[in-house]
Amino acid sequence: KKHDTIPLYAVLDDICASGGYYVAAAAKEIYADKATLVGSIGVIMRGFGMEETMRKIGMESRLLTAGENKAFLDPFEPVKEKEKLHAKSILNEIHAQFVQSVKTGRGERLKGSDEALFNGLIWTGEEALRLGLVDGLGSVEWVAREVVKVEDVVDFTIKPEWWETLSKGMTSTVFGWLRGQIRQPGWF
């Protein structure tokens, strides 16, 4: 808002889905590669249920709380219908906010019904262009040169320190060696 005369362009790389697309939708224009994965306009809440496993191995949960709903969706207790309905209402509310943000940001450029666009699916950059989720196909360099008309692009990506790169490489090598050793017959 402070610099509303400066247009903001979003350039999507490998994947721009869910929260990434939520943010990108506010840009003046969005560009992607043909193979960029775009979309996932939906909301998810993941959990698991361990109550049967706990029962089978003879364990019980000893969770203590203060507040009727503090153990909301506890994975060691059977899911309560009231909790499931509350979670679903939260997801629906956030999804509606997400959809409205995309509609506000993209406006008339969107092509397709709400059911087709806002169901959580992802598309390639080419299909996203047909659906109006992006404005064109291009890389950061292309957008800088052809759209913004800037020759020199400044990359603000934080580069890892040399020792971080070395330690990641060493860790990968050690774990690769261990994996190979574990697969050897008679290792245990």
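Criteria and cut-off values
Residues numbered from 1 in each chain as written. Predicted model: local features only at pLDDT ≥ 70, side-chain atom pairs only at ≥ 80, totals over all residues. Heavy atoms only, no water. Pairing = 2+ DSSP bridges. Helix = DSSP H or I, 4+ residues; strand = E, 2+ residues; numbered from the N terminus. Buried < 20%, exposed > 50% of the residue type's maximum accessible area, 1.4 Å probe, protein only. Contact = heavy atoms within 4.5 Å. Core = buried A, V, L, I, M, F, W, Y, C linked by side-chain atoms within 4.5 Å. Axes fitted to C-alpha atoms, helices over the stretch in contact; angles between N-to-C directions. Expected span 1.5 Å × (residues − 1). Phe/Tyr/Trp six-rings, centres within 6.5 Å; stacked < 30°, edge-to-face > 60°. Salt bridge = Lys/Arg side-chain N within 4 Å of Asp/Glu carboxyl O. Patch = residues over 30% accessible without salt bridge, like charges linked within 9 Å, V, L, I, M, F, W, Y side chains within 5 Å. Areas by Shrake-Rupley, 256 points an atom, 1.4 Å probe, with all protein chains shown as cover. Lys, Arg positive; Asp, Glu negative; His and termini not counted. Charge placed at Lys NZ, Arg CZ, Asp CG, Glu CD.

(A) Geometry of the sheet that holds strand β6 (residues 136-137). Here three strands make up an open sheet; going across it, the order is β1-β3-β6 and the pairing parallel. The open sheet terminates on both sides in strands that have one partner only, identified here as β1 (9-12) and β6.

(B) Expanded view of the side chain of E83. As for its placement among the helices and strands, E83 is situated in helix α3 (residues 81-106). A relative accessible area of 6% places E83 in the buried class. In contact with E83, other than residues within four places in its own chain, are A71, F72 and L73.

(C) Layout of the nonpolar core. Core analysis: the largest hydrophobic core is formed by 22 residues, its most contacted members being L12, Y21, I30, V38, I41, V102 and L133. Sorting the residues of this core by element identifies β1, α1 (19-24), β3 (29-32), α3 and α5 (125-131) as the ones contributing at least two each. The element best represented in this core is α3, accounting for three residues.

(D) How the structure looks around the sheet that holds strand β2 (residues 15-17). Within the open sheet, the three strands sit side by side as β2-β4-β5. Their pairing is mixed. Looking at strand neighbours, the two that pair on one side only are β2 and β5 (122-124), the edges of this open sheet. Averaged over all pairs of adjacent strands, the angle between strand axes in this sheet comes to 30°, irrespective of strand direction. The sheet contact formed by strand β4 (residues 37-39) and β5 spans three bridges and is antiparallel. Bridged to L37 within β5 is T124.

(E) Here's a closer look at α3. Between its first and last C-alpha atoms α3 spans 37 Å; for 26 residues at 1.5 Å apiece the expected length is 38 Å, and the two agree. Three or more residues of α3 are buried, namely E83, A87, L91, F98, V99, V102, G105 and R106. On its buried face, α3 is in contact with α1 and β3. Just downstream of α3, G107 is the residue with a positive phi angle, here 55°.

(F) A look at the packing of aromatic side chains. One pass over the full model with this rule turns up two aromatic pairs. Ring centres 4.4 Å apart and planes at 5° place the aromatic pair Y22 and F98 in the stacked group. Of the two residues, Y22 sits in helix α1 while F98 sits in helix α3, which places them 76 residues apart along the sequence. Residue F98 is classed as buried on the basis of its relative accessible area of 2%.

(G) Just unusual backbone geometry, in detail. In the Ramachandran plot, S18 falls in the positive-phi region, its phi being about 55° despite a non-glycine side chain. Its place among the elements puts S18 in the loop between β2 and α1.

(H) Structural view of the pattern of salt bridges. Counting across every chain of the model gives 10 salt bridges. We note a salt bridge from E60 to R62, for which the minimum N-O separation is 3.6 Å. Judged on exposure class, the residue E60 and its partner R62 are both exposed.

(I) Up close: the pairing of β3. Going residue by residue along β3, you find E29 and Y31 tucked away on one face and I30 and A32 tucked away on the opposite face as well. Taken together, the two bridges between β3 and β6 define a ladder with parallel strand orientation. Residue pairing across strands places A32 opposite L137, the latter belonging to β6.

(J) Region of the structure containing a negative patch on the surface. Taken together, the side chains of D13, D14, D33 and E126 present a region of like negative charge at the surface. Looking at the secondary structure, you find D33 in the loop between β3 and β4.

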